[in-house]
Every structure is written in structure tokens, then in C-alpha cells.
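# Commentary on secondary and tertiary structure
Given next are the chains, with one letter for each unit.
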Amino acid sequence: MRSRCLAWLLGLALFFPAALLKAEVPTVAAASDLQFALTEAAERFRTETGRELRLNFGSSGNFRRQIGQGAPFELYLSADEAYVLALHAEGRTEDEGVVYAIGRLVWLQRPGRDDLPGEADPLAGVREAISAHGAGQGRPRLALANPEHAPYGVAAREVLEQAGLWEATAPLRVLGENVSQAAQFALTSDARGGLVAWSLALAPQLAERSDHVLIPEAWHAPLVQRMVLVKGAGETARAFYAWLQEEAARGILAGYGFRLPDAGDTSP
């Protein structure tokens, strides 16, 4: 009987610390333009601190809705600061958070082609696709994130609208659920290309199988990206939030093409 009790107590001692450790792993909601940059940052954070993170990537608008409905995220990194500020107004976050980066948009296409647009006319591929479709030469797809809930999709729409191309691209547009999916669509065999995040184009995983050209920042509203702690965030989420504002993390973000606010600033 005593041996059974000792075994039972030993089992509890082994089980509960592991369960508590698992429970302390926070879930982070992050805009999909951060897919590669934040993964690298989280791995560096884990190496330095021993703390684990669970990263969820998707569209900022969908995460904003989920957090508003009580989803158990502890840290939210949005590609549009408006979503963070709206959650703060609803009392869902600890404060207004901080701006961590300003994103850039690019034209992305499959590599090895001789028709990459130049910097002076980065939308040349869009016009070529429209002309080809109008001439009955197929239906070359143009990829972008869904502007209904993805900030990079909003920026892509603004770029096409200011160029007078939004309506003409309607039969050619294919919408990704988020900008990462849009980048995948842009590199498919039936696509002419797409308007996606520069941070994705710079990632080695995409850079080796794509070509890109930057879209001028003045052609769309700034992609001001803000992060915030959700109310009830635990110690690990707080530590990562602070770490992301330090030089090591800022260097990683800069390496993926993000423009950085001054250290400590809450505005771009």
C-alpha cells in the first residue's frame, strides 16, 4: 500500500510541473508578413531565455475579431495599428501598445523571367496582364491579400486604385486569406505576380524562388504596425514584448525590410 502511495505521489510531482510549464507557453497572434521575421526572433528569444512561444500567423483583421471575442492570445502584433487601437478602446488590451515597424509593399513574381517590372514602373506587370486578358491570351492571375481584413491587401488596393487599375483587375484578382497566402498565389504557374509584403520577399525561403520590385511608399497609406499585450498576459508574453523592443529584435526586423520607429517611440 505504501509503495502504491509513493508511486502515486511521484507521478503527481512529475506530472504537474510539466502541465504548468505547458500552460505557461503563451500564444502570440501575429500578422502573416511576420512569418519569417518573427519566427527567427522567437527562436533567438528562446535561445537567450529558455522560454517557449506558440506563434499563430494570419490576417490582422481576423485576429482583431478573435481577440475581441475573447480568444486566448496574450500578445498581438498587427500589420495595421488601427486594429490594436480599436481593441484598446474596447478594453481588451493593457494599453495602446507600441509601433514596432513600418512595412513595405512589393510586386512579386516567379524568377527567371525577363519581364520583371523596373522601379520606374513597378505596375507594368499588372497592365500587361490586363492587356493579355483583354486580347484573349488567357487569364493571368494577380495575387493580393483580401483587403476586407488584411492590411497589405488594403495597401495593394490603394496602389491599384491610384493607378486607375482596380476595376480592370477584377477578373484577374485572386485573394489570399492573408499576405503570406497571397505570396504563394503570386508564384503559381497561372499567375503574372502579386502585390505582397517586402518582408516575405526578402525571406530566404521565398527569395530563392522569386523576383520582386518595391512599390513606392507614397502610393499607399503607411503600413504602421503596432503590437500590444492582451489583458491577462503572462510573464513570458511580457518578456517577449519587451525583448521585441530591444536592439537584437530590431535588427532582425530591419533585416526583413521593416522600417523601424525610434527606440521607445509609440508612433512611427
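Rules used throughout
- Residues numbered from 1 in each chain as written.
- Predicted model: local features only at pLDDT ≥ 70, side-chain atom pairs only at ≥ 80, totals over all residues.
- Heavy atoms only, no water.
- Core = buried A, V, L, I, M, F, W, Y, C linked by side-chain atoms within 4.5 Å.
- Buried < 20%, exposed > 50% of the residue type's maximum accessible area, 1.4 Å probe, protein only.
- Contact = heavy atoms within 4.5 Å.
- Phe/Tyr/Trp six-rings, centres within 6.5 Å; stacked < 30°, edge-to-face > 60°.
- Helix = DSSP H or I, 4+ residues; strand = E, 2+ residues; numbered from the N terminus.
- Lys NZ or Arg CZ within 6 Å of the ring centre and 35° of its normal.
- Axes fitted to C-alpha atoms, helices over the stretch in contact; angles between N-to-C directions.
- Parallel < 35°, antiparallel > 145°, perpendicular 65-115°, else oblique.
- Left-handed = near helix turned anticlockwise from the far one by under 90°.

Judged by nonpolar contacts, the single largest core of 66 residues is most densely connected at Leu38, Leu77, Phe240 and Leu244. For Leu77, the residues in contact, after removing those within four places along its chain, are Val28, Ala29, Ala30, Ala31, Leu34, Leu38, Tyr100, Arg226, Met227 and Leu244.

Quick look at the packing of aromatic side chains now. Centre distance and the angle of the planes are the two values used to describe a pair of aromatic rings. Taken as a whole and judged by the stated rule, the model has 4 aromatic pairs. Ring geometry for Phe45 and Trp243: centres 5.9 Å apart, planes at 65°, overall edge-to-face. Here Phe45, found in helix α2 (residues 35-49), pairs with Trp243, found in helix α10 (residues 235-243); they are 198 residues apart in sequence, far enough to count as distant. Look at Phe63 and Phe73: their rings are 5.3 Å apart centre to centre, the planes differ by 80°, and that puts the pair in the edge-to-face class. Of this pair, Phe63 sits in helix α3 (residues 60-68) while Phe73 sits in the loop between α3 and β3 (75-78), and the two are 10 residues apart along the sequence. Summarising the burial analysis for this pair, Phe63 and Phe73 share the class buried. Here a set of aromatic residues connected by ring pairs shows up, and it is made of Phe45, Phe240 and Trp243. When the ring centre of Trp166 is taken as origin, the NZ or CZ atom of Arg173, which lies over that ring, is 3.6 Å away.

A word on the packing of α2 against helix α11 (residues 247-255). Two packed helices can be described by the angle between their axes and the distance between those axes. Put simply, α2 and α11 touch, their axes get as near as 9 Å, and they point 155° apart. Comparing the axis directions of α2 and α11 gives the class roughly antiparallel. As α2 packs across α11, the resulting crossing turns out to be right-handed. Residues Ala37, Glu40, Ala41 and Arg44 of α2 lie in contact with α11, whose contacting residues are Ala248, Ile252 and Leu253.

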